[in-house]
Amino acid sequence: MRRRDHNIFVNAFSLMVCGLITGVVVAAAVFPFAAMSGLAAKAGEQAFASLPSELKAFRSPQISRVYAADNKTQITQFYDEFRSEVPLKAISKHMQQAMIAAEDRDFHRHNGVDLKGVARALVNNKNGGPKQGASTITMQWVRMSLAYSATTPNDVIEATKDTPKRKVTEMKYALEVEEQLTKDQILERYLNIVPFGKQTYGIYAASRVYFNKLPKDLTVGEAAMLAGIVRAPSGYDPTSPDGYEEILQRRNAYVIPGMVEMGFITQAQAAKAVKEPIPRKVRPVSNGCVSVAKNNWGFFCDYFYRWWLGRQEFGPTTYDRERRLKSGGYRITTTLDVKAQGQARERISDRISEKNKNALLLAAVQPGTGKVRLLAANRRYKLDNPADPQNGISTDPGKARKGIRGTYPNTTNPLLTGGGDITGYQAGSVMKIFTLIAALERGYPLAYTIKTESRYRSKYIIDRGNDAACPGTHFWCPSNAGGGGEGVFNMWTGFGRSINTYFVPLEERVGAEKVVGVAKRFGIQFRSSADAELALPGNSHQWGAFTLGVSATTPLDMANAYATLAADGMYCPPTPIEQITTRTGEKLDVGSSRCVRATSESVARAAVDAARCPVGDSARLGRCGGSTAGDTRWVVGHPVFGKTGTTDRDRTASLIAGTTALVVAGYLVNPDYQNHRDRLQHAQVNPAVYHTLADYMEGKPRVQFKRPENRKIAYGDQRSIPNVECDPLNRARNRVENAGFFVSIGEEVDSDCPAGTAAGTNPSGRTVKNGVVVIEVSNGKGGEPTDPGEPGGRRRGPR
């Protein structure tokens, strides 16, 4: 008789303990079962009577399945043991009968312990014959139950090692089980727990892997093969040459004849069954995110997996949480929109190859819920095979010299969501939104004006040798991308045209620590240790470059931050979960975002109004005066808001665009080496973003963004500008400053006023308190007056 795997079914009774076991067996064989415990005490009272009379409650590990938002499309599954329980009525009668014929032909005649079989095994094993076990189906189920209910590694060993004590334990529990459960209940539990090899546990898994069918559809030959495997799964593996011959022999010469002998099938059925083919190949068993049904779902799956491991509701440690996922039998419905995900991946493919060293990353979030709808990249979610590598050499020069390969086209790094070594990417001016929000919260209205220069000398201190330092100083001197940018700008025009020299002085007035605080409230993680240090209270007051996007963020971070604005300032932590249901049908209250207010409703609505300018939409409260991604509004066809971003030397390019229904963030980056020399183009990232958003919005109603109820947040405290025409410049400056404005002396203009005096102001009439008023200087040559009622018109004419 073949030795069973792992000593699970082998019962080796040494001569030293034969007396104990024989006493139990003989007592039970001669007398009624009710008297067995008392008689057994004569042979081993302490060893038998002291055992608990009931098994600990346990649940065998079950597959957890993960579905898309439609609750129908399976993304993947997680398991430690590939098992899914099914009721006995869903299992072919042939399978039930084959298992009895293979493992316990007296199953319906004994009360849990085959006493004759135990005695026969004792004599045989004592006389040196082939090892025999005599474990009934009930005893086998008891043994596996003890192992699954064990709480320590030592308990697992005690439950499975081949000792007389274990055999006694199994016998007593088996007797108790037979009193509490029917034969059908025992058989159902056994069929759902027993291992069948090839990583399969239970009849559902075995049916799917070996025959790709449900247990109810198994034929006589198929059932007999599976039942035959149980005795020694590795030895009877049909996919190995030796195993194939062994299982063919066992099925045809032992299991099927046994089914005939027991009256389960006819001789004719047996003759047909022995001719059924035995598979030499089995269906691959998918497990985890590397086995998603469609590869482009992999990054979302990885995000879900990391999310789960971070939730304390599933256990105190990541190990406990992973075990819960892989054994809990959950039905997990995620937020993934498979249609939107597929469309996003196509839009990326239209712009960049998956073999490109640069990565185009798209993340999308639903405002007001935090639900992550898509995560797409021009990468294959898989591990590169070291034996046959497909990835190119790393673009990091240090790694390239060592022959280390990069992450293109294959990677399992969380490029879009962060984690592990991925701390994020500098995304540039998309971060200006936090300065704008901080300013609004501090009382600066959208109409607040600043006179900008092409290069601004800030109060932020940096290293004197830094290229960004003002010549001969240690002060940071930022400039505008591409130069230029001089003039008077407000939040609409400054954000629309992305004027660096507007937002740095605005950050100075608000306080960089306030701006960083807003970013934290909006979910920015600061994963980089350097960023985290700067973001600490008391450290960020000198972080002037923060407004220009020098800190590392991910597309998911920024999509959700902008989604917070579209949700009237309610921050909802990003989540991959729609619903988690236990194996018993209980719906868990885990995964839905607990939204909190990140900023006031009026601030959020005002910020959105300014953020409509960069993407070619029209502000409802002001004038935009320009955009940086003007095609967005035309392509999407819905009210939109968002922002572009570019870092120094165009090392990254980004665009965020959103509606009331979805916000999409796109980054074009080099994940392997961010200090590269390529100039990354908005011509790649921008269309991918706005076409993905347009695809999602197709057929949906056009919903307008709401105006803030308090219009003062847009226009502020409007003050009258003094008429300083023909005043000496010093007097004009004093009068305007005393009226509550910042003064800038402008260029010479034609005017009837004496040369060198004030020709007028720009703007004229009224403007926001603390805003900039430019005093224009007369050249004394006369000129046509400008209507002060026109926007930006300077004041001239009669005093």
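Residues numbered from 1 in each chain as written. Predicted model: local features only at pLDDT ≥ 70, side-chain atom pairs only at ≥ 80, totals over all residues. Heavy atoms only, no water.

### Things to note about helix 13 (residues 298-309)
Applicable threshold: Runs of H or I in DSSP of at least four residues are treated as helices and runs of E of at least two as strands, each being numbered from the N terminus. A helix is expected to span 1.5 Å for every residue after the first. For each residue, the accessible area found with a 1.4 Å probe, counting protein chains only, is set against the maximum for its type, and the residue is called buried under 20%, exposed over 50%, and partly exposed in between.
In this model, helix 13 (twelve residues) spans 16 Å end to end at C-alpha, consistent with the 16 Å of a helix rising 1.5 Å per residue. A large share of helix 13 lies buried, amounting to eleven of its twelve residues. Buried residues of helix 13: Gly298, Phe299, Phe300, Cys301, Asp302, Tyr303, Phe304, Tyr305, Trp307, Trp308 and Leu309, and no others.

### Points about the pattern of salt bridges
Heads up, the condition is: Salt-bridge detection follows one rule: a side-chain nitrogen of Lys or Arg within 4 Å of a carboxyl oxygen of Asp or Glu.
Enumeration over the complete set of coordinates arrives at 34 salt bridges. Here Asp237 ties to Lys198 by a salt bridge, and the two come within 3.5 Å at their closest N and O atoms. Here the residue Asp237 occupies a position in the loop between helix 10 (220-229) and helix 11 (241-261), and Lys198 occupies one in the loop between strand 3 (195-197) and strand 4 (200-201), the gap between them amounting to 39 residues. Each of Asp80, Glu322, Arg323 and Lys326 takes part in salt bridges that share partners, so that together they form one network.

### Here's the deal with the packing of helix 10 against helix 11
Using the following cut-off: Lines fitted to C-alpha atoms define the axes here, with helix axes fitted over just the stretch in contact, and angles between the N-to-C directions of these axes take values from 0 to 180 degrees. Between 65 and 115 degrees an angle is taken as roughly perpendicular, under 35 as roughly parallel, over 145 as roughly antiparallel, and anywhere else as oblique. Whether a crossing is left-handed or right-handed is set by the direction in which the near helix is turned from the far one by less than a right angle, anticlockwise for left-handed and clockwise for right-handed. The contact criterion used throughout is that any non-hydrogen atoms of two residues lie within 4.5 Å. Polarity classes work like this: nonpolar for Ala, Val, Leu, Ile, Met, Phe, Trp, Tyr, Cys and Pro, charged for Asp, Glu, Lys and Arg, and polar for all others, with Gly in that last group.
At their nearest, the axes of helix 10 and helix 11 sit 9 Å apart, and the two run at 110 degrees to each other. Judged by the inter-axis angle, helix 10 sits roughly perpendicular to helix 11. Relative to helix 11, the crossing made by helix 10 is right-handed. Residue-level inspection shows Val220, Gly221, Ala224, Met225, Ala227, Gly228 and Ile229 of helix 10 in contact with helix 11, the latter providing Ile247, Arg250, Arg251, Val255, Ile256 and Met259. Classifying every residue of the contact of helix 10 with helix 11 gives nine nonpolar, two polar and two charged.

### Some details on the packing of aromatic side chains
The cut-off we apply is this: Here a Phe, Tyr or Trp ring, Trp counted by its six-membered ring, pairs with any other such ring whose centre lies within 6.5 Å, and the pair is stacked when the planes are under 30 degrees apart, edge-to-face when over 60, and tilted otherwise. In our convention, an over-ring charge means Lys NZ or Arg CZ found within 6 Å of a ring centre and within 35 degrees of that ring's normal.
This structure, assessed with the given rule, holds 22 aromatic pairs. Their ring planes at 50 degrees and their centres at 6.0 Å tell us that Phe78 and Phe304 sit as a pair that is tilted. Of this pair, Phe78 sits in strand 2 (residues 74-78) while Phe304 sits in helix 13, and the two are 226 residues apart along the sequence. Pair check on accessibility: Phe78 and Phe304 agree, each one buried. Their ring planes at 50 degrees and their centres at 6.1 Å tell us that Phe526 and Trp543 sit as a pair that is tilted. Taken together, the positions of Phe526 in the loop between helix 20 (512-521) and helix 21 (529-534) and Trp543 in the loop between helix 21 and strand 13 (552-553) put the pair 17 residues apart, joining distant regions of the chain. Here Phe526 and Trp543 have matching classes, each one buried. Three or more aromatic residues joined by ring pairs form one cluster here, namely Phe78, Phe304, Tyr305, Trp307, Trp308, Phe314 and Tyr330. Over the face of the ring belonging to Phe107 we find Lys183, whose NZ or CZ atom lies 4.5 Å from the ring centre. The residue whose ring lies beneath Lys643 is Phe495, and the NZ or CZ to ring-centre distance is 5.5 Å.

### Quick notes on the pairing of strand 23 (residues 758-762)
Within a regular strand, side chains alternate between the sheet's two faces. Defined as follows: In this scheme, strands are said to pair when DSSP sees at least two bridges between them.
Across the five residues of strand 23, four count as buried, placing the element largely inside the fold. As paired elements, strand 23 and strand 25 (residues 772-778) share four bridges and run antiparallel to each other. Bridge pairing in strand 25 places Asn762 opposite Val774.

### Topic: the state of the cysteines
So the rule is basically this: The rule for a disulfide is simple: a pair of cysteine sulfur atoms within 2.5 Å.
A complete count under the given rule lists five disulfides for this structure. Covalent S-S linkage joins Cys289 and Cys301, the inter-sulfur distance amounting to 2.1 Å. The sign of the -80 degrees torsion about the S-S bond sets the Cys289-Cys301 disulfide as left-handed. Of this pair, Cys289 sits in the loop between helix 12 (267-273) and helix 13 while Cys301 is found in helix 13, placing the two residues twelve residues apart along the sequence. Between the sulfur atoms of Cys726 and its disulfide partner Cys753 the distance amounts to 1.9 Å. Here the S-S torsion is close to -75 degrees, and the disulfide linking Cys726 with Cys753 is therefore left-handed. Of this pair, Cys726 sits in the loop between strand 21 (718-720) and helix 27 (729-738) while Cys753 sits in the loop between strand 22 (742-749) and strand 23, and the two are 27 residues apart along the sequence. According to the relative accessible area criterion, Cys726 is partly exposed, its value standing at 32%. Overall, Cys753 belongs to the buried group, its relative accessible area being 1%.

### Digging into the sheet that holds strand 7 (residues 372-377)
Strand order in the open sheet formed by five strands is 7-6-20-19-18, and the pairing between neighbours is antiparallel. Every other strand in the sheet has two partners, leaving strand 7 and strand 18 (641-646) as the edge strands with one partner each. Going from strand to strand, the sheet's axes swing by 5 degrees on average, the running direction of each strand aside. Relative to strand 7, strand 6 (residues 359-365) runs antiparallel, the two being bridged by five bridges. Among the inter-strand pairings, Leu361 is bridged to a residue of strand 7, identified as Ala377. Contacting strand 6, strand 7, strand 18, strand 19 (653-658) and strand 20 (663-669), helix 25 (residues 682-697) runs over the sheet at an angle of about 20 degrees to strand 19.

### Some points on the side chain of Glu103
This is how it is decided: Whenever two N or O atoms come within 3.5 Å, that pair is a polar contact, provided that in protein one can donate a hydrogen and the other can accept it, and provided that, for residues adjacent in sequence, both atoms are side-chain atoms.
Within the secondary structure, Glu103 is located in helix 3 (residues 93-103). One polar contact links Glu103 to Gln140, side chain to side chain, over a distance of 3.0 Å.

### What to know about the sheet that holds strand 22
With mixed pairing, the three strands of this open sheet are ordered in space as 22-25-23. A single partner strand is all that each edge strand has here, and the edge strands are strand 22 and strand 23. Across the sheet, the mean angle separating the axes of adjacent strands is 30 degrees when strand polarity is ignored.

### Brief notes about unusual backbone geometry
Following Tyr408, the chain continues into Pro409 via a peptide bond in cis, with omega recorded as 5 degrees. Take Pro409: it is sitting in the loop between helix 16 (397-401) and strand 9 (410-411). Asn762 connects to Pro763 through a cis peptide bond whose omega is 0 degrees. Relative to the assigned elements, Pro763 resides in the loop between strand 23 and strand 24 (766-768).

### Examining the packing of helix 17 (residues 432-441) against helix 20
Packing of helix 17 against helix 20 leaves a shortest axis separation of 8 Å and a crossing angle of 110 degrees. Viewed along their axes, helix 17 and helix 20 adopt a mutual orientation that is roughly perpendicular. Between helix 17 and helix 20, the contacting residues are Phe434, Thr435, Ile437, Ala438 and Glu441 on the first element and Lys514, Val515, Val518, Ala519 and Arg521 on the second. Residues belonging to the contact of helix 17 with helix 20 are distributed by class as follows: six nonpolar, one polar and three charged.

### Side note on the environment of Ser454
Of note, Ser454 is situated in the loop between strand 11 (450-452) and strand 12 (487-489). Beyond its immediate chain neighbours, meaning those up to four positions away, Ser454 contacts Pro478, Ser479, Asn480, Gly484, Glu486 and Thr501.

### Comments concerning the nonpolar core
Rule in force here: Among buried residues, those of type Ala, Val, Leu, Ile, Met, Phe, Trp, Tyr and Cys that are joined through side-chain atoms within 4.5 Å constitute a nonpolar core.
Among the nonpolar cores identified, the biggest contains 101 residues, and Trp308, Phe434 and Met491 are the most heavily contacted of them. In terms of residue count, the dominant contributor to this core is helix 13 (nine residues). Sequence-distant contacts of Trp308, defined by excluding residues within four places in its chain, comprise Phe314, Arg321, Arg324, Leu325, Tyr330, Ile332 and Ile580.

### With respect to the confidence of the model for the protein
Residues shown with low pLDDT carry predicted positions that ought not to be read at fine detail. Defined as follows: For every residue, the predictor states its confidence as a pLDDT score lying anywhere from 0 to 100.
Averaged over every residue, the pLDDT of the protein is 89; the share at 70 or more is 88%. Ignoring residues within four places in sequence, the model shows residues 24-45, a span with pLDDT below 50, making 28 contacts including any to other chains. Here residues 785-799 scores under 50 on pLDDT; set against residues more than four positions off or in separate chains, the count is 41 contacts.

### What to know about helix 25
A rise of 1.5 Å per residue sets the reference length of helix 25, with its 16 residues, at 22 Å; its end C-alpha atoms lie 22 Å apart and thus fit the reference within 8%. Taking burial as the measure, the 16 residues of helix 25 include twelve buried ones, the bulk of the element. Those residues of helix 25 that sit buried are Val685, Asn686, Pro687, Ala688, Val689, Tyr690, Thr692, Leu693, Ala694, Asp695, Tyr696 and Met697. Following helix 25 by one or two positions, Gly699 has its phi on the positive side, about 85 degrees.

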